Structures are given as C-alpha cells and as structure tokens.
Amino acid sequence: MSIGEVISQVRESRGMTQNELADRVMVTRQAVSRWETGATTPGVDMCKLLASALDVPVTRLLEAPPGPHCQSCGMPIPKQEQHGLEADGTRSEDYCAWCYEDGAFVGPETLDELIEHSAPYMAEGTHISQDEAVSYMSAVLPHLRRWRDQ
C-alpha cells in the first residue's frame, strides 16, 4: 500500500476530512489531496507529523519493499544467503549477514552509531540527502526488534 493510500485510509477511518488533516500538519488541503492521489509524496519529516496527527506509527506511513527485513538495520533480506547465522550455523530469520554473525551482533553497537554509519549508504542508494536518510532511520530503526528490546 502506498503512503497516499495509507494516509487516505487512516484519515477516513478517523472520520477526518482532508481540511482537518491539513490544519493539523499546517499544509493546504490540496497538499493532502496530492499525497493521497500519489501526485506527490510527503517527505520523511512530514511523515512524522502525519503519523502524529493520524495517531499511527510512522513506520505505517513509510513504504518498505515487501519481504523480510533485518530487525537491526532495516535492510531487506530477500535472499537466504543474506540472512545472518546463528551460533549453531542455521540462518537467522530476523537479522542480515551484515549485522549478525555466529549468533551475535557485529558492527555498530548503538543505534546512533548504526545510523551514523549507514546514513551515507542509504542516501547514496536511494538518492536522498544524508539528512533525510538520518531522519528516516531515526524514525524507523527504533521500532525494530534489536533496538526495541534494549
């Protein structure tokens, strides 16, 4: 489901008009309409405001490709060989090979270190600014199992 479809669905389920949502996030009704129709897409920081206004987790608004995602870094892990290994050599269902090896986490030890390390790669790979990558990761990663459980 696209961001626009989620915004529309959640807004309507809350009994909210486009004008009411626009007022809550300080934009025009036309901006809300353009997001909902897919003509434009709100930026990461606007998604944070929208999530708050709609009372949903920001991860519900931010599109992610289908399939399993690493519960440490958020990266898609579509291929079996990209999954990390448990101590007994079996593939981890939850973590990628870059974050998890022999049943233990490798690489950056804190969420802030992971974001600092990964943001330049995300920015380059997705053609967004590094600031947007940091903002996105700061909104999404704390909800992943590794960081949520700490």
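What counts as what
- Residues numbered from 1 in each chain as written.
- Predicted model: local features only at pLDDT ≥ 70, side-chain atom pairs only at ≥ 80, totals over all residues.
- Heavy atoms only, no water.
- Axes fitted to C-alpha atoms, helices over the stretch in contact; angles between N-to-C directions.
- Helix = DSSP H or I, 4+ residues; strand = E, 2+ residues; numbered from the N terminus.
- Parallel < 35°, antiparallel > 145°, perpendicular 65-115°, else oblique.
- Left-handed = near helix turned anticlockwise from the far one by under 90°.
- Contact = heavy atoms within 4.5 Å.
- Nonpolar A, V, L, I, M, F, W, Y, C, P; charged D, E, K, R; others polar.
- UniProt positions renumbered as here; feature names shortened; annotations may be inferred.
- Buried < 20%, exposed > 50% of the residue type's maximum accessible area, 1.4 Å probe, protein only.
- Arc of directions from axis to C-beta.
- Core = buried A, V, L, I, M, F, W, Y, C linked by side-chain atoms within 4.5 Å.
- Domains from an automatic or database assignment.
- Patch = residues over 30% accessible without salt bridge, like charges linked within 9 Å, V, L, I, M, F, W, Y side chains within 5 Å.
- Areas by Shrake-Rupley, 256 points an atom, 1.4 Å probe, with all protein chains shown as cover.
- Salt bridge = Lys/Arg side-chain N within 4 Å of Asp/Glu carboxyl O.
- Lys, Arg positive; Asp, Glu negative; His and termini not counted.
- Charge placed at Lys NZ, Arg CZ, Asp CG, Glu CD.

As recorded in an unreviewed UniProt entry, the chain goes by the name Cro/C1-type HTH domain profile, listed as coming from Propionibacterium ruminifibrarum.

K.L.:
Which parts of the structure should I look at to understand the packing of helix H6 (residues 111-126) against helix H7 (residues 130-140)?
P.N.:
For any two helices packed against each other, the geometry is given by the interaxial angle and the distance between the axes. Direction vectors running N to C along H6 and H7 enclose 125 degrees, while the axes themselves pass 8 Å from each other. By the angle between their directions, the pair H6 and H7 is classed as oblique. Our pair here, H6 against H7, has a crossing hand that is right-handed. Where H6 approaches H7, its residues Leu114, Ile115, Ser118, Ala119, Pro120, Met122 and Ala123 are matched on the opposing element by Gln130, Ala133, Val134, Tyr136, Met137 and Ser138. Of the residues in the contact of H6 with H7, the class split is 10 nonpolar, 3 polar and no charged.

K.L.:
I keep staring at the UniProt feature "domain: HTH cro/C1-type" (unreviewed entry) in the chain and nothing clicks. Help me out?
P.N.:
The UniProt entry lists residues 7-61 under the feature "domain: HTH cro/C1-type" (unreviewed entry), expressed in the numbering used here. The span residues 7-61 is 71% helix and 0% strand, and its two end C-alpha atoms sit 7 Å from each other.

K.L.:
Help me out: how do you make sense of helix H2 (residues 18-25) in this one?
P.N.:
For the α-helix, the turn length of 3.6 residues means that residues three or four positions removed from each other point alike. Within H2, burial applies to Gln18, Leu21, Ala22 and Val25. For H2, the angular spread of buried residues about the axis comes to 100 degrees, placing them on one side. Opposite the packed face of H2, turned more than 90 degrees from it, sit the exposed residues Asp23 and Arg24. Just past H2, the residue methionine 26 takes up positive phi, approximately 60 degrees.

K.L.:
Hey, could you run me through the nonpolar core in this one?
P.N.:
Inside soluble globular proteins, nonpolar side chains tend to come together where they are buried. Formed by 42 residues in total, the largest nonpolar core has its most connected members in Ile7, Leu21, Trp35, Leu50, Leu61 and Leu141. At the level of secondary structure, the elements contributing two or more residues to this core comprise helix H1 (3-13), H2, helix H3 (29-37), helix H4 (44-54), helix H5 (58-61), strand E2 (91-96), H6 and H7. No other element matches H4, which puts 7 residues into this core. The residues that make up this core include at least three from each of domain 1 (3-60) and domain 2 (80-143). If near-sequence neighbours (up to four positions away) are discounted, leucine 141 is found in contact with Ser72, Cys73, Gly74, Leu111, Leu114, Ile115 and Trp147.

K.L.:
Help me understand a negative patch on the surface, please; the structure alone is not making it clear to me.
P.N.:
Taken together, the side chains of Glu109, Asp112, Glu113 and Glu116 make up a negatively charged region of the molecular surface. Relative to the elements of secondary structure, aspartate 112 occurs in helix H6.

K.L.:
Sorry, what's going on with unusual backbone geometry here?
P.N.:
With the exception of glycine, most residues fall at negative phi, and the peptide bonds are largely trans. Within the chain, aspartate 55 stands out as a residue other than glycine whose phi angle is a positive 60 degrees. Backbone geometry places aspartate 102, a non-glycine residue, at a positive phi of 55 degrees.

K.L.:
What's the story with the environment of alanine 51 in this structure? I'm lost.
P.N.:
Secondary-structure assignment places alanine 51 in helix H4. In this structure alanine 51 comes out as buried when scored by relative accessible area, which is 5%. C-alpha separation for the pair alanine 51 and glycine 15, spaced 36 residues apart in sequence, amounts to 16 Å. Not counting the four nearest positions on each side in its chain, alanine 51 is found in contact with Val56, Pro57, Val58 and Leu61.

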